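A structural walkthrough
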Amino acid sequence: MNPTINHTMLADFYQLTMANGYLEHGFRDREACFDMFFRTVPDGGGFAVMAGVEQLIDYLANLSFDDEDIAFLRSKGCFCEEFLDYLRNFKFSCDVWAIPEGTPIFPGEPIVTVRGPVMQAQFVETMVLLTINHQSLIATKANRICRAAAGRAVMEFGSRRAQGYDGATYGARAAYIGGCAATANTICDRDFGIPATGTMAHSWVMLFDSEYEAFKAYAETYPDSCTLLIDTYSVLKSGMPNAIRVFDEVLKPRGKRPKGVRIDSGDITYLTRQMRKMLDDAGYPDCKIVASNSLDEYIIKDLLTQGAPIDSFGVGERLITSRSEPVFGGVYKLSAVEKDGVMVPKLKVSENVGKITNPGFKTVWRLYERGTNKAIADVMTLFDEVIDDTQPYVIFDPVNTWKKKTVTDFVARRLPVQIFRRGECCYQCPAIGDVRVYCAAQVATLWDEVKRFENPHAYYVDLSRKLWDIKRELLDKYSV
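The following paragraphs examine the structure supplied in this document.

Conventions adopted
Residues numbered from 1 in each chain as written. Predicted model: local features only at pLDDT ≥ 70, side-chain atom pairs only at ≥ 80, totals over all residues. Heavy atoms only, no water. Helix = DSSP H or I, 4+ residues; strand = E, 2+ residues; numbered from the N terminus. Buried < 20%, exposed > 50% of the residue type's maximum accessible area, 1.4 Å probe, protein only. Contact = heavy atoms within 4.5 Å. Areas by Shrake-Rupley, 256 points an atom, 1.4 Å probe, with all protein chains shown as cover. Lys, Arg positive; Asp, Glu negative; His and termini not counted. Charge placed at Lys NZ, Arg CZ, Asp CG, Glu CD. Pairing = 2+ DSSP bridges. Axes fitted to C-alpha atoms, helices over the stretch in contact; angles between N-to-C directions. Polar contact = N/O pair within 3.5 Å; in protein donor to acceptor, adjacent residues only side chain to side chain. Expected span 1.5 Å × (residues − 1). Arc of directions from axis to C-beta. Disulfide = S-S within 2.5 Å. Parallel < 35°, antiparallel > 145°, perpendicular 65-115°, else oblique. Left-handed = near helix turned anticlockwise from the far one by under 90°. Nonpolar A, V, L, I, M, F, W, Y, C, P; charged D, E, K, R; others polar.

**Quick look at the overall build of the protein chain**
When helices and strands are counted, the protein chain shows 16 helices and 21 strands. Overall size of the protein chain, expressed as C-alpha extent along the three principal axes, is 85 × 60 × 35 Å. Within the protein chain, the proportion of its 480 residues that are buried is 52%. Contacts in the protein chain between residues at least 24 apart in sequence constitute 73% of all its contacts with a sequence separation of at least 6. Total accessible area computed for the protein chain in this model is approximately 21,700 Å², and 51% of it derives from carbon and sulfur atoms. Taking the 56 positively charged and 62 negatively charged side chains of the protein chain as two groups, their mean positions are separated by 4 Å.

In structure tokens, the structure reads:
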């Protein structure tokens, strides 16, 4: 997020009307705790990938209302002058915790927690959701696609199909966290250090009098990185023969080797098999084959299952828009309110069981098998609880409570890190390349059953006994 652009007013109007009401009813300094969490994993997957924390930090660090903002709000005629004066002198003063970018995350657990004056904690709701929802959605989709590619490089090619320029830029960033090797989006290389890649479009080939001349000109211009797009006319009748001719006549005399050939249409499995044979027969077994054309994890998996000899993939619209499920359903709910110096747990009840929230000021722990470092389960606890991994620990299903397991020989790690303390940033974001490596390592801690595309194993997200007791007491209280 560009900190020179003031996103303070990117807020739902009710956040302002509620804040004004809180002030008028004496809640200006009342502390509250809000949790962001999501209810379901996109695409029916077993886990999601956390992303967007760096941009959330940029937003929170630059909150301020200018004179134009105050004048606009005054013109609405529904805000008192005391409230407008509060905004004019606004200073963010909340504590904020977030699960680090690249971490696998699961439904129900707080992935961002904001604690502070209720007027402020409520006000940031939209941008917390917008920032984390979008990038976590794309990082999750990218991770699925990269896992389907089974170690082959995936390049993000979706800028022109993204929902706006922010969607293109931050989507590419999230895709890199999720595992993509590069992006076609040049600004992401400049601003984030994500490798930008690209060669030619069909227009390059069509501009020249012949396909051969187009390939020859490109090879002469870029002899050290020559990748040719060979499906403008006919892959097997002209594209491959002309590419091989240029490799022989332009690159080989210079002692250069071609980097690759790319196709963007047709029966990709059949064509790539024939392309591989033609390249090998011509003495270019090291020339890579790149495939694009509306790919997603299912098509890529099918192509590889069918034996398509593809070395890397360019994935565009179905990645950058998460076309199969374009919404990451994160929500932001009140979980506790301060009264007489004590945080009092709050609970939202619903006829829809899945919408009942978990109360209290909380944190999340992940339990790992000590020998394998595989993730066993996540446990939500009250914030000041500590899971002692030197002792056996009982986890249980918070709905079907008779389902219990005693965990031994495990390591317990608290997942959220504090990113703001009393409104001041206290967290140093890691380099984007380090986040990408961390993401791969953390996904590797999940069992293969959790990573299945179809009917994945339901990873356990449990409540501590103390937290479960509080939730049960509140449910009993509100069911009368």
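**Quick look at the sheet that holds strand β12 (residues 330-339)**
Strands sit in the order β13-β12-β1-β5-β3-β19-β20 across an open sheet of seven strands; the sheet is antiparallel. Looking at which strands have only one partner, the edges of the open sheet turn out to be β13 (342-345) and β20 (424-425). Lying on the sheet, helix α6 (residues 125-148) is in contact with β1 (31-38), β5 (112-117) and β12; it crosses β12 at an angle near 140°.

**So, the side chain of Arg 366**
Looking at where Arg 366 falls in the secondary structure, it is placed in strand β14 (residues 362-369). By relative accessible area, Arg 366 is classed as buried at 0%. Here the side chain of Arg 366 touches Pro 104 through a polar contact of 2.7 Å, landing on its backbone oxygen.

**Brief notes about the sheet that holds strand β21 (residues 461-463)**
The pairing of strands in a sheet happens through backbone hydrogen bonds and is either parallel or antiparallel. Judged by pairing direction, the sheet is mixed, and its four strands sit side by side in the order β18-β14-β15-β21 without closing on themselves. Pairing within the sheet leaves two strands with one partner each, and these edge strands are β18 (410-414) and β21. Pairwise comparison of adjacent strand axes, ignoring direction, gives a mean angle of 30° for this sheet. Pairing between β14 and β18: five bridges, direction antiparallel. Bridge pairing in β18 places Trp 365 opposite Arg 414.

**A short note on helix α1 (residues 13-24)**
Between its first and last C-alpha atoms α1 spans 17 Å; for 12 residues at 1.5 Å apiece the expected length is 16 Å, and the two agree. When we look at burial in α1, the residues that qualify are Gln 15, Leu 16, Ala 19, Asn 20 and Leu 23. Viewed along the axis of α1, the buried residues span an arc of 135°, placing them on a single side of the element. Buried residues along α1 sit against α3 (67-75), α4 (81-88), α5 (118-123) and α6. Positive phi appears at Gly 26, one or two residues downstream of α1, with a value of about 85°.

**Describing the state of the cysteines**
Any covalent bond linking the sulfur atoms of two cysteines counts as a disulfide. Within the structure shown, the criterion is met by zero disulfides. A disulfide-free cysteine, Cys 33 has its sulfur positioned 10 Å from the sulfur of Cys 94, the nearest such atom. According to the relative accessible area criterion, Cys 33 is buried, its value standing at 0%. For Cys 439, which is in no disulfide, the shortest distance to another cysteine sulfur is to Cys 146 and amounts to 9.1 Å. Residue classification places Cys 439 among the buried positions, given a relative accessible area of 1%.

**A look at the packing of α1 against α4**
Two elements in contact, α1 and α4, have axes separated by 9 Å at closest approach and are oriented at 110°. As the angle between them shows, α1 and α4 are arranged roughly perpendicular. The handedness of the crossing between α1 and α4 comes out as right-handed. Along its contact with α1, which presents Leu 16, Ala 19, Asn 20 and Leu 23, the element α4 presents Glu 82, Phe 83, Tyr 86 and Leu 87. Considering only residue class, the contact of α1 with α4 consists of six nonpolar, one polar and one charged.

**Description of the pairing of β14**
With seven of eight residues buried, β14 is to be regarded as a mostly interior element. One ladder, built from seven bridges, connects β14 with strand β15 (residues 375-382); its direction is antiparallel. Looking at β15, one finds that Val 364 is bridged to Met 380.

**A few points about unusual backbone geometry**
Here the phi dihedral of Asn 293 falls at roughly 105°; this positive angle occurs in a residue that is not glycine. On the secondary structure map, Asn 293 appears in the loop between β10 (288-291) and α13 (297-305).

**Comments concerning the side chain of Thr 103**
Residue position: Thr 103 is located in the loop between β3 (95-98) and β4 (104-105). Polar side-chain contacts of Thr 103 include one of 2.8 Å to the side chain of Tyr 438.

**Some words on the pairing of β5**
Across the six residues that make up β5, a large majority, five, are buried. Where β1 lies against β5, six bridges are found, and the strand directions are antiparallel. Paired with Glu 31 across the two strands is Pro 117, which belongs to β5. Examined bridge by bridge, β3 and β5 share four bridges and lie antiparallel to one another. Bridge pairing in β5 links Asp 95 to Arg 115.

**Some words on the packing of helix α10 (residues 211-221) against helix α11 (residues 235-251)**
Interaxial distance between α10 and α11 falls to 9 Å at its minimum, and their mutual angle equals 40°. Taken as axis vectors, α10 and α11 run oblique relative to one another. As for how α10 packs across α11, the hand of that crossing is right-handed. Along its contact with α10, which presents Glu 211, Tyr 212, Phe 215, Lys 216, Ala 219 and Glu 220, the element α11 presents Ser 238, Gly 239, Asn 242, Ala 243, Arg 245, Val 246, Glu 249, Val 250 and Leu 251. Residue composition of the contact of α10 with α11, grouped by class: seven nonpolar, three polar and five charged.

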